[in-house]
Amino acid sequence: AQSVTQPDIHITVSEGASLELRCNYSYGATPYLFWYVQSPGQGLQLLLKYFSGDTLVQGIKGFEAEFKRSQSSFNLRKPSVHWSDAAEYFCAVGSGYSTLTFGKGTMLLVSP
Amino acid sequence: DVKVTQSSRYLVKRTGEKVFLECVQDMDHENMFWYRQDPGLGLRLIYFSYDVKMKEKGDIPEGYSVSREKKERFSLILESASTNQTSMYLCASSPTGMGNTGELFFGEGSRLTVL
């Protein structure tokens, strides 16, 4: 069965500092991997996705993620965090032939 | 611009009431989904549909039913609402066919409170 683990429930980062959110997955075949962001009271917005090719993928809002097959990881990074990045972040795994499975989310807090 | 619209952003209902949550997408997507989201539990799949009049149970279907009479519309029904169904409900859609990656397009959510 497919699964996603986001080890950090909350993370606090100072504005301007770098960010890395961790995601580990379990999937029986080549996975498609996604990061979504959810602002308070809103739906989920896609940040980026990986399904083949270059293992470093670029997304919106200056985010990037790196697929590491050997570590079953797909960590999200941003070199300099802005206050508007405060939100909840969800990692998901799936494919075109299965429903997506989501992690439990990581809440990002940005301190001044 | 692609859009998934959930008809009600906020609802307050009483225990035992029948509740309808409506979702419409304008992207001609074949697949539609209902998730519930609770703090610390992430998103959990309730039901999904691959086609009109088709439905499949997700991970937590108990206490819910769905209806898909038209391709663009997917309704979630709580036959007799209970307090433990107080939650945020998220509708999503996705296409099938060539190039489908499983990416979901979400609505803005419906926050249901059952008193």
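Residues numbered from 1 in each chain as written. Chains lettered and ligands numbered in written order. Predicted model: local features only at pLDDT ≥ 70, side-chain atom pairs only at ≥ 80, totals over all residues. Heavy atoms only, no water.

Enquirer: Now, about the state of the cysteines: what can you tell me, with residues and values included?
Expert: Counted under the stated rule, the structure contains two disulfides over all chains. Each sulfur in the disulfide pair A:C23 and A:C91 lies 2.0 Å from the other. Between A:C23 and A:C91 the sulfur-sulfur dihedral comes to about -65 degrees; the bridge is accordingly left-handed. You can see A:C23 sitting in the loop between β3 (19-21) and β4 (24-26) and its partner A:C91 sitting in strand β10 (residues 87-95), a full 68 residues away along the chain. For the pair shown, A:C23 and A:C91 are each scored as buried. Disulfide pairing places B:C23 opposite B:C91 at an S-S distance of 1.9 Å. Looking along the S-S bond of the B:C23-B:C91 disulfide, the torsion reads about -80 degrees, which is the left-handed sense. With B:C23 in strand β3 (residues 19-25) and B:C91 in strand β9 (residues 87-94), this pair connects stretches of sequence that are 68 residues apart. (Disulfide = S-S within 2.5 Å. Helix = DSSP H or I, 4+ residues; strand = E, 2+ residues; numbered from the N terminus. Buried < 20%, exposed > 50% of the residue type's maximum accessible area, 1.4 Å probe, protein only.)

Enquirer: Can you lay out unusual backbone geometry for me, pointing to particular residues and giving the numbers?
Expert: Residue and element names in this part refer to chain B. Even without a glycine there, the phi angle at D28 is positive, about 60 degrees. Within the secondary structure, D28 sits in the loop between β3 and β4 (31-38). In this model, K53 sits at a positive phi of 65 degrees, which is unusual for a non-glycine residue. Note on placement: K53 falls in the loop between β5 (42-49) and β6 (56-57). Looking at K53, the relative accessible area reads 59%, which means it is exposed.

Enquirer: Go over the interface of chain A and chain B, please, and point to the residues and values.
Expert: The interface of chain A with chain B comprises 20 residues on the first partner and 21 residues on the second. When chain A packs against chain B, close to 1,600 Å² is buried across both sides, 55% of that on carbon and sulfur atoms. Across the contact surface, chain A and chain B share one salt bridge. Measuring nitrogen to oxygen at the nearest pair gives 2.7 Å for the salt bridge that ties A:K49 to B:E103. The tally of links between chain A and chain B comes to six residue pairs in polar contact (both at pLDDT 80 or more). Mapped by element, the contributors of at least two residues to the side of chain A that touches chain B are β5 (32-38), β6 (44-50), β10 and β11 (98-102) of chain A. Broken down by element, the side of chain A that touches chain B gets its largest block of residues, four residues, from β5(A). Considering only residue class, the side of chain A that touches chain B consists of nine nonpolar, eight polar and three charged. (Contact = heavy atoms within 4.5 Å. Buried area = accessible area lost by both parts, 1.4 Å probe. Salt bridge = Lys/Arg side-chain N within 4 Å of Asp/Glu carboxyl O. Polar contact = N/O pair within 3.5 Å; in protein donor to acceptor, adjacent residues only side chain to side chain. Nonpolar A, V, L, I, M, F, W, Y, C, P; charged D, E, K, R; others polar.)

Enquirer: Give a description of the side chain of A:D8 that names residues and reports values.
Expert: All names here are of chain A. Relative to the assigned elements, D8 resides in the loop between β1 (3-5) and β2 (10-14). Note on D8: relative accessible area 18%, which makes it buried. At 3.0 Å, the side chain of D8 and the side chain of R22 are in polar contact. Excluding its chain neighbours within four sequence positions, the residues that come into contact with D8 are R22, G105 and T106.

Enquirer: Mind laying out the pairing of β4(B), listing which residues take part and the relevant values?
Expert: Residues and elements named next belong to chain B. Most of β4 sits out of view: eight of its eight residues are buried. As judged from the seven bridges shared by β4 and β9, these two strands associate in the antiparallel manner. Along β9, the bridge assignment pairs Q37 with M88. Sheet analysis places β4 next to β5, joined by seven bridges and oriented antiparallel. The residue of β5 that forms the bridge with R36 is R44. Where β4 hands over to β5, the hairpin turn is made up of three residues, of which G40 adopts a positive phi near 80 degrees. (Pairing = 2+ DSSP bridges.)

So far we have only geometry, and geometry alone does not tell us how the molecule works.
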